[in-house]
Amino acid sequence: MPFSPSSSPSSSPLRGTDPGPVVARLRAAGCVFAEDEAALLISAAETPARLDAMVGLRAAGRPLEHIVGWAEFAGLRISVDPGVFVPRRRTEFLVRRAVALAPPRPVVADLCCGSGALGAALAAGVTGVELHAADIDPAAVACARRNVLPFGGRVYEGDLYAPLPAGLRGRVDVLLANVPYVPTEEIGLLPAEAREHEARTALDGGADGLDVLRRVAAGAAGWLAPGGRLLFETGERQAARARDIVADAGLVPDVAHSDTWWATVVTGTRATGTSVTPS
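Presented here is a report on the structure given in the accompanying data block. Note on numbering: residues in each chain are counted from 1, in written sequence order. The model is predicted, so local features are restricted to residues of pLDDT at least 70 and side-chain atom pairs to those at 80 or more, both for listing and for counting; the totals for chains, interfaces and linings are taken over all residues. Each side-chain value is derived from all of the structure's non-hydrogen atoms; neither hydrogens nor water enter the calculation.

## Some thoughts on the packing of helix α1 (residues 20–28) against helix α2 (residues 34–44)
Closest axis-to-axis distance for the α1/α2 pair is 9 Å, and the angle between their directions is 125 degrees. Classified by the angle their axes make, α1 and α2 are oblique. Considering the relative orientation of α1 and α2, their crossing is right-handed. Facing V22, V23, L26 and R27 of α1, the residues of α2 in contact are A34, E35, E37, A38, L41 and I42. As a working rule, the residues Ala, Val, Leu, Ile, Met, Phe, Trp, Tyr, Cys and Pro are called nonpolar, Asp, Glu, Lys and Arg charged, and the rest polar, with Gly in that last group. Looking at the contact of α1 with α2 residue by residue, the classes come out as seven nonpolar, no polar and three charged. A fitted line through C-alpha atoms represents every axis, and for helices the fit uses only the stretch in contact; the resulting angles, taken between N-to-C directions, go from 0 to 180 degrees. Only DSSP runs of H or I covering at least 4 residues are called helices, and only runs of E covering at least 2 are called strands; the numbering of each starts at the N terminus. The cut-offs work like this: below 35 degrees is roughly parallel, past 145 is roughly antiparallel, 65 to 115 is roughly perpendicular, and the gaps in between are oblique. Crossing handedness is read from the near helix: turned anticlockwise from the far helix by less than a right angle, it gives a left-handed crossing, and turned clockwise, a right-handed one. Contacts were defined at the residue level, with two residues in contact if any of their heavy atoms lie within 4.5 Å.

## Topic: unusual backbone geometry
At R105, a residue that is not glycine, the phi angle is positive and equals roughly 50 degrees. Backbone geometry places W262, a non-glycine residue, at a positive phi of 55 degrees. With respect to the helices and strands, W262 occurs in the loop between β8 (252–258) and β9 (263–269). Relative accessibility under 20% of the residue-type maximum defines a buried residue, over 50% an exposed one, and the middle range a partly exposed one, all with a 1.4 Å probe and only protein chains included. The class for W262 is exposed, based on a relative accessible area of 74%.

## A look at the pattern of salt bridges
The rule for a salt bridge is simple: a side-chain nitrogen of Lys or Arg has to be within 4 Å of a carboxyl oxygen of Asp or Glu. Per the stated rule, a full pass over the model turns up 13 salt bridges. Between R215 and D159 there is a salt bridge; the shortest N-O distance is 2.4 Å. Linking R215 in helix α9 (residues 211–223) with D159 in the loop between β5 (154–157) and β6 (172–177), this pair joins segments that are 56 residues apart in sequence. Take R215: its relative accessible area is 44%, and that puts it in the partly exposed class. The exposure class of D159 is partly exposed, given its relative accessible area of 32%. Put simply, D208, D211, R214 and R241 are held in one network by salt bridges that share partners.

## Points about the packing of aromatic side chains
A pair of Phe, Tyr and Trp rings is counted when the ring centres sit within 6.5 Å of each other, with Trp represented by its six-membered ring. The angle between the planes then sorts it: under 30 degrees is stacked, over 60 is edge-to-face, the rest tilted. A complete count under the given rule lists one aromatic pair for this structure. Consider the rings of Y161 and W223, whose centres lie 5.6 Å apart with planes at 10 degrees: the pair is stacked. With a gap of 62 residues between them, Y161 in the loop between β5 and β6 and W223 in helix α9 connect regions that are remote in the sequence. Whether a charge sits over a ring depends on NZ of Lys or CZ of Arg being within 6 Å of the ring centre and within 35 degrees of the ring normal. The residue whose ring lies beneath R77 is W70, and the NZ or CZ to ring-centre distance is 4.0 Å.

## Comments concerning the layout of surface pockets
Put simply, the largest pocket is a space of about 970 Å³. Around the largest pocket sit 39 residues that line it, and R88, R90, L190, P191 and A194 are the ones nearest its centre. When contributions to the lining of the largest pocket are tallied by element, the ones reaching two or more residues are α3 (48–59), α4 (64–68) and α8 (192–197). The residue makeup of the lining of the largest pocket, split by class, is 21 nonpolar, six polar and 12 charged. In this analysis the probe radius is 1.4 Å and the grid spacing 1 Å, with only protein atoms considered; a cavity is a set of points the probe fits into but cannot get out of, a pocket is an open set with protein on both sides within 12 Å along at least five of seven lines, and lining residues have an atom within 4 Å of a point. Grid points are joined across faces, edges and corners, and a volume is the space filled by probe spheres set on the points. Roughly 360 Å³ of volume is contained in the second largest pocket. C112, D135, I136, T201 and A202 are the residues nearest the centre of the second largest pocket, which is lined by 27 residues in total. Counting only elements with at least two residues in the lining of the second largest pocket, the list comes to α6 (117–125), β4 (130–135) and α9.

## Quick notes on the environment of A60
Among the structural elements, A60 can be located in the loop between α3 and α4. Spatially, the C-alpha atoms of A60 and R195 are 14 Å apart, while their sequence positions differ by 135 residues.

## A short note on the sheet that holds β9
By definition, the strands of a sheet pair up through backbone hydrogen bonds, in either a parallel or an antiparallel sense. Two strands are said to pair when DSSP picks up at least two bridges between them. Taking strand neighbours across the sheet as the criterion, the seven strands line up as β5-β4-β3-β6-β7-β9-β8 in an open arrangement whose pairing is mixed. Looking at the sheet topology across the chains shown, the edges are occupied by β5 and β8. Strand-to-strand twist in this sheet, taken as the mean axis angle between neighbours without regard to direction, amounts to 20 degrees. Summarising the sheet, strand β3 (residues 107–111) and β4 pair through four bridges and their orientation is parallel.

## Re the packing of helix α5 (residues 92–101) against α6
It is the contact of α5 with α6, at a shortest axis distance of 10 Å, that shows an interaxial angle of 40 degrees. Taken together, α5 and α6 sit at an angle that is classed as oblique. For the pair α5 and α6, the sense of crossing is right-handed. Contact residues: L94, V95, A98 and V99 in α5; L118, A121, L122 and G125 in α6.

## Thoughts on the nonpolar core
What is meant by a nonpolar core is a set of buried Ala, Val, Leu, Ile, Met, Phe, Trp, Tyr and Cys residues, joined one to another through side-chain atoms within 4.5 Å. Counting 35 residues, the largest nonpolar core has F73, V108, L122, V155, V174, L176 and L231 as its most contacted members. Looking at this core element by element, the count peaks at six residues for α6. Counting residues in each nonpolar core, the second largest holds 30 residues, with C112, L160, A242 and L251 among its members.

Spelled out as structure tokens, the structure:
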């Protein structure tokens, strides 16, 4: 994805560096946005030797975000460590939906949080968020803490709802779940940047790509406040099945598509006046 340079040319240690050779190396390696990436790498490098090493990593297929240590997402600079899932720009559509639907001073839970980008972006867009995030990957948890703590959020390590404080049951207004939704047999079709450098748990959604979603949906009603909403992204061809999963879990489903973001977001709302049996 294209990026803006992380610092202005006047403040970069390598200001005045000719980008031509860097662009040529990146273009030869197949980088579509070679000019933008060259500008970012030059602005991020402290020395010519470091620049050479960074360009070498990028030419070898390392995600740009892992090299520079951050990703641009929803107007924020999100810290991203090697091996951690890189937030996709299309997922900004999910954040926009969540911001539009969130009540005042919402309680927010961000499951499968990865870097914590979704929760951080929602907290940046809504006043007074009480934010809780969780992921099963220790590397992701460490990364998310750096992104979420500035917004007063807390991050927990564990499988889905398991590490969340029991006091959140029945209180969550917005439940974000950036669940993996790539079918197992299609993992090998992903770009090498993803399949070789991001955690498998952040990509593999099981046989039909919806295994993790089923588990999230099954427990959602017990954690949502009346009128609270579960929001997640899925593939367009999976949307109908995802909608049925949400409905079977006792939530009122809604599907939104964005041609601008090339994204599909499913929302499940816990109807007011409904009661649930704790699981």
